[in-house]
Amino acid sequence: MSSAVEQNENPVSSTEEPAVPKTAKQLEKEAKKQAKLEKLKQKQEKLKETKPSTKEKAEKKEGKKEVKESALYTIDTPAGEKKDTSCPMPDAYSPRYVEAAWYSWWEKQQFFKPEYGGRNILEPNPKGKFVIVIPPPNVTGSLHLGHALACTVEDALTRWNRMKGKTTLWVPGCDHAGIATQVVVEKRLWKEEGKSRLDIGREKFVEKVWEWRRDKGHRIYDQLRKMGCSVDWDRESFTMDPKLSEAVTEAFLRLHSEGVIYRSERLVNWSCTLKSAISDIEVDKMELSGRTLMSVPGYKEKVEFGVLVSFAYKVEGEEDSELVVATTRVETMLGDTAVAVHPNDERYKSFHGKRVIHPFCNRTLPIVCDDFVEMSFGTGAVKITPAHDHNDYEVGKRHNLPMINILDDEGKIIGKCGEFTGMPRFTARKAVLAALKEKNLYRETKDNPMVVPICSRSKDVVEPIIKPQWYVKCEEMAANAKKAVETGELKIIPEHHKKTWYHWMDNIRDWCISRQLWWGHRIPAYFIEIDDPLVPRGNVLDNRYWVSGRSHDDALMRASHQLRTTIPQIKLRQDEDVLDTWFSSALFPFSVFGWPNKTEDLEAFFPTTLLETGHDIIFFWVARMVFFGQKLLGKLPFKEVFLHALVRDAHGRKMSKSLGNVIDPMDVIHGITLEDLHQQLYAGNLDAKEIEKAKQGQKEDYPNGIPECGTDALRFALCAYMSQGRDINLDILRVQGYRFFCNKLWNATKFALMYLDRDIKPIDAGKEVESESPMNIWIRSRLAAAVKACNEGFETYDLPMATTACYNFWLYELCDVYLECLKPILQGNKESPVAQAAQSTLVLCLEVGLLLLAPFMPYITEELFQRLPDVTGTSRPISICVAPYPEAEECPWQNAEVESEVEFVQKVVHVVRSARADYNLPTKVKTEASICCLDDATASTVEKYSQDIATLAYCSKIAIVRSSDGDKPSTSGCAILTVSGECEVHLMLKGLVDPAKEREKLSKKREKLDQQVSRLVTAANAPDYESKVPEEVRVANEEKLSQLQGELARLNIAEEALQSMEQT
């Protein structure tokens, strides 16, 4: 675009020719190229900053900064009042200006409520309903990019459905996050008062947690508002609220009464720091390639992992016989109760049925035969510790081995372990190793690649420990959940995740739901003690002596009935544990609507329409919601599950604090300096070395910090990245590219408003003005195509299809082509029928284009929508939030013939502008062109669009030469450019370029291109090129080679033309 719609910031991509609409792949490639250019630019700017030459230059630089300073909205607008859009638009797009004031107005107007407009939620809506609940983020945290992606996708879908006229509800909420919250509050208590939770007791500690929640819990909701999330805040739900707590109690009671919930003693993941069982999702798996010293909470010295220690057990009664076993956790040998060998291993057949002697504990261990032993691993003999290893636990059950627990809740050695009793587990590790050496039983230590389980909350090494816990039987519920997907009753999108679903359902294990915490839903189960000699005394593992109830009194009545005794003889002791956080989360899709009570909301909104979340919690949350929905209500909680990809950094790495690549969405929205990014690292739990490593990572990725991108750009980028795959590699510079796109929208609308009347005549869908420009017909056709693509994208959850359609329409069709062609018309007689038709079409494009973008970019679209001029005979909705979304049926403007013509015109323009670039002609220098046509159809098309070609190709004059008329164009001083077999352009260059100088420039350019081609050809001809070079690199090289060869071909033509000019 030329100066009238010039960007005040860098464009997303720069190209001279009016581009053909681009695919998502092309856009991604282009964005990557722009990101590289931006990085180069940042480096150059940094160099300039480090070498200021003179005071005058420094002052000029400061002056430039002032010009680029973002505008702020300073009009006094009380919260909830409508923003003033009658003031002039700032010169450039400013996220802070645009995003100010709108959200509180949307909220006050109740646009986000399903009752908006006086709708009765119980009355059927012919257009349908759309109901979704938020995956409740932890109350302790702030939004990370994973949350931002989920919220953006959910909001885009919600806004689109709302604009489609459906009864729409998106329920917000927060998870009480048992472990995470308790850890945060315990740290705060210690820091502020120097006390532990044990010092103040359970009741006061829980009060402290509620205080913290009231003080800090609003932060995540503030961030949801900043992200523009159109949730119904009146229905906000917290998993510890009375309404949701009632649902938790009721669910436990019903499932316990049916025997679905039961008590059992089994292996659990145990955090010695938290003194609690934790779920699988709270266990991080740290992969080690070999010997590694790791920091462990509670130990001053680092602990050795990644080694395999071999030691010998002496065979009972055979002084010279021994079995050598290997272990990565030598301290657990104190709990060994057997040694296992494979029944077919010839080396050990003579040992079958014999026993070995434990060197430190007064017991012997049987040698058992089991198929699980890998004969080729280690010595082929395996120590069995059933109470501290998941595989060994199963072996122990098969062979009826004793389960000896050697660790207490804090990870100290207990039991009959001699000198090791009382030692912390990793202190015992060293001591056991030393004792084995002393007894000449140690054999060797060698590096061993392994995975160390780490508690994500405490960073402690997780121990498998046998504990009595509460479990949920899952086999039957899993079978029903699998069947729902198989029959299509429950749809999983993308479909490739069905395989994961079936895997989890086929390999289901009962779910451990108890946690040894104080913060959370206390388990409503009571152990029954009876003061009656006729009734046997109960055991805590005997489910007959446990009763659940809605209250203590309710439990007493149930206990009396259960054990057939009188209430006065019963004493109840409530379980101290709380329920796993996922238990209450599994009830979320119906507890938020008031279940188990029969409420209007439950009747109107359950089952919900869709569940959208990350694919990493398909089992931990999604499956369990399906389990409980089917079990407790007899219904699926939602009809479809849309699983989004996981967000990684630009290099494809997992987000990790130690890498310094964790990004706070608020930092992307507001911008942040490199120094402030560094400062954030000190607020975490990283050690000094990790902080330095993270700082280096930040310095490499964000040398100038993170630029202010705004909410709309972040949202659009996340949706544009939203491929139905497993990972999103998010490059912040691409997000910044979409901020430049916002600037393009801003300037295009601002330019249009300069020429538009305040009252525009509407477009008659079935009628075209005879004298109007064919470009009006073309842009309406492209607009109709965008409308169709956007709706299809939303309907199929292919959001990149919709973002690509919006991006292409605004940038490459409306701005780069249509507005350029419109300038001569709008700057002429505004009262002419052609100008009136152009104004009507332009307003239509702006309005529909903004409506298409609104679900992705709520702030800028509202700001610009409110500034559009009125169209005669129509009334614009109060807000774009509740405006009807464009429908394909309402946009019957697609015209294949005109689109084909303009496609040809763009080829002509592309050829001319490419040639101008080759000859280094600036856009201000106009050229003359003769377009030679071999047939009448081509000539007619060129003639029809001659003015548009002249405008777009920077030509002062276009002459059409028809071969059928016998015309022969002059070639003197011209470059001959081929468009097609029927058309060529003679571009007059004489007097505009110095042939000798230009040939010299082209010669240097040729030299560089030849070198690049040579390098690529040499690389491709290398013997191991096909086997060693990745396919994507080879494809990229082929594309690059083809591009370079095309440039060389154009240089040949240009040189011939220059040579011809020199000779005339």
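Sequence positions are assigned chain by chain, starting from 1 and proceeding in written order. Whole-chain, interface and lining totals are the exception, using all residues; otherwise, since this is a predicted model, local features are given only for residues with pLDDT of at least 70 and side-chain atom pairs are given and counted only at 80 or more. Remark: hydrogens and water are excluded; side-chain values derive from all non-hydrogen atoms of the structure.

**So, the overall build of the protein chain**
Right, so step 1: Strands are runs of DSSP state E lasting at least two residues, helices are runs of H or I lasting at least four, and both sets are numbered from the N terminus onward. Of regular secondary structure, the protein chain possesses 34 helices and 35 strands.
Right, so step 2: Throughout, exposure labels follow a simple rule: accessible area from a 1.4 Å probe, protein chains only, divided by the maximum for the residue type, with under 20% read as buried, over 50% as exposed, and the rest as partly exposed. Burial status across the protein chain gives 53% buried among its 1064 residues.
Right, so step 3: Of all intrachain contacts in the protein chain linking residues separated by at least 6 positions in sequence, the fraction that spans at least 24 positions is 77%.
Right, so step 4: Shrake-Rupley sampling with a 1.4 Å probe provides the accessible areas, and residues are treated as covered by the protein chains on show and by no other component. With an accessible surface of roughly 48500 Å², the protein chain has 50% of that area assigned to carbon and sulfur atoms.
Right, so step 5: The average position of the 144 basic charges and that of the 158 acidic charges among the side chains of the protein chain differ by 3 Å. Only heavy atoms enter the contact rule, under which two residues are in contact if any of them lie within 4.5 Å. Charge assignment in this entry is limited to Lys and Arg as positive and Asp and Glu as negative, and neither His nor the chain termini are counted. The atom standing in for a charge is NZ when the residue is Lys, CZ when it is Arg, CG when it is Asp and CD when it is Glu.

**Brief notes about the confidence of the model for the protein chain**
Right, so step 1: Per residue, pLDDT measures the predictor's confidence, with a range of 0 to 100. Averaged over every residue, the pLDDT of the protein chain is 88; the share at 70 or more is 91%.
Right, so step 2: Below a pLDDT of 50 lies the segment residues 1-22, which in the model reaches 66 contacts outside its immediate sequence neighbourhood of four places, other chains included.
Right, so step 3: Under a pLDDT of 50 for its full length, residues 43-67 has, in the predicted model, six contacts with residues more than four places off or in other chains.

**Digging into the pattern of salt bridges**
Right, so step 1: When a carboxyl oxygen of Asp or Glu is within 4 Å of a side-chain nitrogen of Lys or Arg, the pair counts as a salt bridge. One pass over the structure, following the stated rule, counts 65 salt bridges.
Right, so step 2: A salt bridge links Arg-235 to Asp-601; the nearest nitrogen and oxygen atoms lie 2.8 Å apart. Of this pair, Arg-235 sits in the loop between helix 9 (219-226) and strand 4 (237-238) while Asp-601 sits in helix 18 (residues 600-605), and the two are 366 residues apart along the sequence. Considered together, Arg-235 and Asp-601 belong to a single accessibility category, that of buried residues.
Right, so step 3: A salt bridge links Asp-542 to Arg-544, with the shortest nitrogen-to-oxygen separation between them at 2.8 Å.
Right, so step 4: Here the salt bridges share partners, and the residues they tie into one network are Lys-113, Glu-115, Asp-232, Asp-234, Arg-235 and Asp-601.

**Structural notes on the pairing of strand 22 (residues 525-530)**
Right, so step 1: Among the six residues of strand 22, five are classified as buried, and the element is accordingly described as predominantly covered.
Right, so step 2: Inspection of the sheet shows strand 22 paired to strand 23 (residues 546-548) by three bridges, in the antiparallel sense. When the sheet's bridge partners are listed, Tyr-526 is paired in strand 23 with Val-547. Each pair of strands is called paired provided DSSP finds at least two bridges between the two strands.

**Some words on the side chain of Asp-577**
Right, so step 1: Structurally, the position occupied by Asp-577 is in the loop between strand 24 (570-574) and strand 25 (578-579).
Right, so step 2: Buried within the structure, Asp-577 lacks any salt-bridge partner; Arg-263 is the closest side chain of opposite charge, at an N-O distance of 5.3 Å.
Right, so step 3: Ignoring any residue separated from it by four or fewer positions in sequence, one finds Asp-577 in contact with Arg-202, Ser-514, Arg-515, Gln-516, Arg-522 and Ile-523.

**As for the sheet that holds strand 22**
Right, so step 1: In spatial order, the strands read 23-22-24; together these three strands make up an open sheet with antiparallel pairing. Each edge of the open sheet carries a strand with a single partner, namely strand 23 and strand 24. Averaged over all neighbouring strand pairs, the angle between strand axes comes to 40 degrees, with direction disregarded.
Right, so step 2: Relative to strand 24, strand 22 is paired through five bridges, and the arrangement is antiparallel. Within the sheet, the bridge partner assigned to Ile-530 lies in strand 24 and is Ile-570.
Right, so step 3: Angles run from 0 to 180 degrees between N-to-C directions of axes, and those axes are lines fitted to C-alpha atoms, restricted for helices to the stretch in contact. On top of the sheet, helix 10 (residues 242-257) reaches strand 22 and strand 23; it is set at about 135 degrees to strand 23, its chief contact.

**Points about the nonpolar core**
Proteins that are soluble and globular tend to have nonpolar side chains buried together.
Right, so step 1: Grouping buried Ala, Val, Leu, Ile, Met, Phe, Trp, Tyr and Cys residues that are joined through side-chain atoms within 4.5 Å yields what is termed a nonpolar core. Phe-741, Leu-842 and Tyr-919 are the most contacted members of the largest nonpolar core, which has 183 residues in total.
Right, so step 2: Here this core takes 18 residues from helix 26 (residues 799-826), the largest share from any one element.
Right, so step 3: One finds Leu-563, Ile-570, Ile-618 and Trp-621 within the second-largest nonpolar core, a separate group that totals 75 residues.

**So, the environment of Leu-189**
Right, so step 1: In this structure, Leu-189 sits in helix 6 (residues 178-193).
Right, so step 2: Judged by relative accessible area, Leu-189 falls into the buried class, the value being 4%.
Right, so step 3: If near-sequence neighbours (up to four positions away) are discounted, Leu-189 is found in contact with Gly-194, Lys-195, Ser-196, Arg-197, Ile-200, Phe-205 and Lys-208.

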